[in-house]
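Chain by chain, the residues:
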Amino acid sequence: MSSLTAPEDTTTPPKVPDARPPRRSRRHLFPYLIIAPAVLLELLIHIIPMATGFWMSFVELTKFFIRRWLEAPFVGLENYSIAIDLNTPVGQELLNSFLVTVAFTALVVGLSWGLGMAAAVALQRPFRGRGVFRTLFLIPYALPLYASVITWNFMLQRDTGVINHVLVDQLGILDGAPFWLIGDNAFVSVVVVAIWRMWPFAFLMFMAGLQSIPGELYEASAIDGAGPMRQWRSVTLPMLAPVNQTMLLVMFLWVFNDFNTPYVLFGSAQPPAGDLISFHIYNASFLSWDFGVGSAMSVLLLLFLLAVSLVYLYFTQWKKEKRNA
Amino acid sequence: MRRRTLLTAAPLAAAGAAGLAACGSSSGSGSNSDTLTYWASNQGTSLENDKEVLTPVLEKFTEETGIDVSLEVIGWGDLQTRIQTAITSGQGPDVVNIGNTWGVSLQATGGLLELGDEQFEALGGRDRYVPAALATGGAEGTDPTSIPLYGLAYGMYYNVKMFEDAGVEPPTTWEEMVEAAKALTDPEGDVWGMSLAAGSYTENNHFAFINATQNGAALNTKDGKPSFTEDGVIDGILRYLDLMQTDKVVDPSNAQFDNGTKSVTAFANGKAAMIINQNNANATIESQGMTPDQFKAIPFPAPADAVSDCASHLAGINLAAMRDTENEEGALQFMKFMTSPETQEELGEPFASLPVLVDGEPTFTEDAEQAEMFMEIYSERAEPLPLVPWEDQYETTVGQAMNEMFATIATGGTVTREDVMTAMQTAQDSIRV
């Protein structure tokens, strides 16, 4: 008879765990501690102000309540209806400002893109003095914003500005000296100044993108008989698609929200032709002391930009990823 | 070892960030009974000049009371926003300068200290101040929240030699002024009868008011609502615009002049024979090269058939204590000191201001005739802008509408009476009472 194996002694107390927390849990805590400062700053800089702005758009935050802003009466969607009511000057002016900004953004982004691309392609091949051109082209991007735009303000003055001096006195292109900072020409001026500031960014991005395209592609396409235009269309553009996708979205958001250019160029009272929406909202909030309506306008602007960005991302990335999957 | 350092550093960084944020949100005075923070508006030729002028005055106050004053001079472009921020956060200065036309609008925020009988007792009484100037400190029937500090009034400066050469007498009516300006205008020689700050919405709204008042029109109804479309208002604005449009005595380029200094420069350079400016223009005119004998000032004229001989709005700077001050007693002491006859006299010259005290003597010029003329305008021919909470919106909407109408004229367009009516209706509809 075989002897039975003694049953396992269940009375033996389990092994007492180490008093120190396991290394694993400390390891779990560590990433949170590392990102805590960033999360805190993000909350302070973006999330809380955005949430506050959203709340402000539903209350009557006029001069009568700015001191006790937490007690401002809730008005629901009234600020939104004031902002978009086209039967009132507030709504009409917001619509005008929106349309001006759409045209401004289309021109600035489109022309900056074209100029940046042309300059980057032109400087792609080595030649004597290429470094000088690169530096010159990047100067507008490196200059302090206020200094550069205020210089444009001086240059665009009707009687003393160098622009009219060149166009009227030296080249004789124009008969009489036009105004550039008031009237309809104000739109042309703000577009030109914004392009001057923005195109070096496109140039920089394209230069970086072009350097990542293998030279063999151009060589192979040349063997196949492709000329410069065909190479640009069939090699350069497709290879720059990832750069374009990001850059166009970023430029669109920057330009649509541009506050500094009109503020410095026109001063506190901008002409209707140059009434860009960020500055318009600033005026509605700070000059009219109506932060509720100003916030409603800001939320509408945010929703518009969000919608455009989502549509853009859907067509440029998500749809493509889905197709490839 | 490295991990331990990081574990220690992360919470420290978070605490540091929170600390920084806390610092950022409290730009306030942190006053106690021994210190006061004072935000002064830019009155002199530069912010630095203001500091130089004010520092010895503030040192005297410290000697008298033992209270230190921390001074910050703020440019006009930033002052309103800074005050808004201070009111919202409750972390502002103890005492602040405001444009007197903002008096009632700022009173409506509740952010300024109400000055009742008790406070006026500490300030030396209400009777010290020119009544009309004191009235700018609050809405009718309420305790004001600011007191007058520096008085200002518009006058019309003219170039003595240009007038003599053209054989023109200083005008006493609007019609004579236009005739004189026409006689002095020579577009070919780039010399104009008048220069206006036609691109400045602050200047433009002042002249909308003055011209409307000359026509007997008010910008507000008796129950305090805006009334910008009255005939007198429309006609007054059109009369002012016509200096450039119909009379053609103003250089169209003036539509780009976004502040009064640019018209002063045109005047000092002999490009314009007349400018309408507040009495603190003397120093700027002289700094641009004219000597005191080369220019004189007369009251801004009204039409011969005007209902009122109003020559200016009641301009100037007021002084207010913030409601959130932790040193109300010290703030009132300081306000009393700044409006004492001695300080008024001392600051009247460098800041070219008119005295706001009933028995004050002007020190802003050595020209006794000019001083008397401006005092007469300030005390008898100046009316306050609407003393209503929406006054700040009036300045913006009407002033900017006038900027646009001047721009239309300058760029070759025409502004009709109907256009002015439409612009004023739009401005009126924009105001939320």
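Look up a bit, the structure's there.
S.K.: Can you tell me about the overall build of chain A, naming the residues and giving the values?
M.R.: The helix and strand inventory of chain A stands at 13 helices and zero strands. Shown N-terminal to C-terminal, the secondary structure of chain A runs as helices and strands in the order α-α-α-α-α-α-α-α-α-α-α-α-α. The C-alpha radius of gyration computed for chain A amounts to 29 Å, which surpasses the reference 20 Å derived for 325 residues by more than 25%, pointing to a less compact arrangement than a globule. C-alpha atoms of chain A, sized along the principal axes, occupy 125 × 75 × 35 Å.

S.K.: So what's going on with the interface of chain B and chain A? Which residues, and what values?
M.R.: Of the residues lining the interface, 43 residues belong to chain B; the matching set on chain A comes to 40 residues. Overall, the association of chain B and chain A removes approximately 3,500 Å² of surface from exposure, summing both partners, and the carbon and sulfur fraction of that is 60%. The interface formed by chain B and chain A contains two salt bridges. Here lysine 63 of chain A ties to aspartate 392 of chain B by a salt bridge, and the two come within 3.4 Å at their closest N and O atoms. Counting every contact that joins chain B to chain A gives nine residue pairs in polar contact (both at pLDDT 80 or more). Counting residues per element, the ones that place at least two in the side of chain B that touches chain A are helix H1 (2–25), helix H3 (76–89), helix H4 (103–109), helix H16 (391–410) and helix H17 (417–430) of chain B. Tallied by class, the residues present in the side of chain B that touches chain A amount to 18 nonpolar, 17 polar and eight charged.

S.K.: Tell me about unusual backbone geometry, and name the residues and values.
M.R.: Peptide bonds are, in most cases, trans, and in most cases residues other than glycine have a negative phi. Residues other than glycine seldom take positive phi values, yet tryptophan 289 of chain A does so here, at roughly 55°. With respect to the helices, strands and loops of the structure, tryptophan 289 of chain A is situated in the loop between helix H12 (277–287) and helix H13 (291–324). On the basis of relative accessibility, which here comes to 1%, the residue tryptophan 289 of chain A falls in the buried class. Despite not being glycine, lysine 248 of chain B shows a phi value in the positive range, around 55°. Summarising the element assignment, lysine 248 of chain B is placed in the loop between helix H10 (231–245) and helix H11 (260–268). The exposure class assigned to lysine 248 of chain B is exposed, which follows from its relative accessible area of 52%.

S.K.: Which residues make up the sheet that holds strand E6 (residues 192–195) of chain B, and what values go with them?
M.R.: Residues and elements named next belong to chain B. The four strands are arranged E6-E7-E5-E8 in an open sheet whose pairing can be described as mixed. Lying at the two open borders of the sheet, with one neighbouring strand each, are E6 and strand E8 (295–298). Averaged over all adjacent pairs, the angle separating strand axes in this sheet is 25°, with direction ignored. Sheet topology note: the strand E5 (residues 154–159)/E8 ladder contains four bridges and is antiparallel. Among the inter-strand pairings, tyrosine 158 is bridged to a residue of E8, identified as lysine 296. Together, E5, E6, strand E7 (272–278) and E8 form the strand contacts of H11, whose direction differs from that of E7 by roughly 150°.

S.K.: A description of the nonpolar core should follow, citing residues and the corresponding values.
M.R.: Residues and elements named next belong to chain B. By size, the foremost hydrophobic cluster in this structure holds 62 residues, and its most contacted members are Met194, Leu243 and Met424. The biggest single contributor to this core is H16, with nine residues. Excluding residues that lie within four positions of it along the chain, methionine 424 makes contacts with Phe228, Thr229, Ile234, Ile237, Val398, Ala401 and Met405. The next biggest cluster of nonpolar side chains, apart from the first, holds 59 residues, and it includes Val73, Phe120, Ala331 and Phe374.

S.K.: Describe in detail the pattern of salt bridges, supporting the description with residues and values.
M.R.: Under the defined criterion, the tally for this structure stands at 14 salt bridges over all chains. Ionic pairing is found between aspartate 324 of chain B and arginine 67 of chain A, a salt bridge with its closest N-O pair at 3.3 Å. Separated into two different chains, aspartate 324 of chain B in the loop between strand E10 (315–321) and helix H13 (328–338) and arginine 67 of chain A in the loop between helix H1 (23–56) and helix H2 (78–84) make up a pair that spans both. Judged by its relative accessible area of 24%, arginine 67 of chain A falls in the partly exposed class. The closest approach of N and O atoms between arginine 417 of chain B and aspartate 235 of chain B, which form a salt bridge, is 2.9 Å. Linking arginine 417 of chain B in helix H17 with aspartate 235 of chain B in helix H10, this pair joins segments that are 182 residues apart in sequence. Residue class for arginine 417 of chain B comes out partly exposed when judged on its relative accessible area of 28%. Looking at aspartate 235 of chain B, the relative accessible area reads 34%, which means it is partly exposed. Where salt bridges share partners, they join Asp117, Arg126 and Asp143 of chain B into one cluster.

S.K.: Run through the packing of helix H3 (residues 89–122) of chain A against helix H7 (residues 185–211) of chain A, naming residues and quoting values.
M.R.: All names here are of chain A. It is at 6 Å that the axes of H3 and H7 come closest, and there the two elements cross at 40°. Classified by the angle between their axes, H3 and H7 sit oblique to one another. With respect to the hand of their crossing, H3 and H7 are arranged in right-handed fashion. Along the lines of polarity and charge, the residues of the contact of H3 with H7 split into 24 nonpolar, two polar and no charged.

Rules behind the numbers
- Residues numbered from 1 in each chain as written.
- Chains lettered and ligands numbered in written order.
- Predicted model: local features only at pLDDT ≥ 70, side-chain atom pairs only at ≥ 80, totals over all residues.
- Heavy atoms only, no water.
- Helix = DSSP H or I, 4+ residues; strand = E, 2+ residues; numbered from the N terminus.
- Rg over C-alpha atoms; globule rule 2.2 N^0.38 Å.
- Contact = heavy atoms within 4.5 Å.
- Buried area = accessible area lost by both parts, 1.4 Å probe.
- Salt bridge = Lys/Arg side-chain N within 4 Å of Asp/Glu carboxyl O.
- Polar contact = N/O pair within 3.5 Å; in protein donor to acceptor, adjacent residues only side chain to side chain.
- Nonpolar A, V, L, I, M, F, W, Y, C, P; charged D, E, K, R; others polar.
- Buried < 20%, exposed > 50% of the residue type's maximum accessible area, 1.4 Å probe, protein only.
- Pairing = 2+ DSSP bridges.
- Axes fitted to C-alpha atoms, helices over the stretch in contact; angles between N-to-C directions.
- Core = buried A, V, L, I, M, F, W, Y, C linked by side-chain atoms within 4.5 Å.
- Parallel < 35°, antiparallel > 145°, perpendicular 65-115°, else oblique.
- Left-handed = near helix turned anticlockwise from the far one by under 90°.

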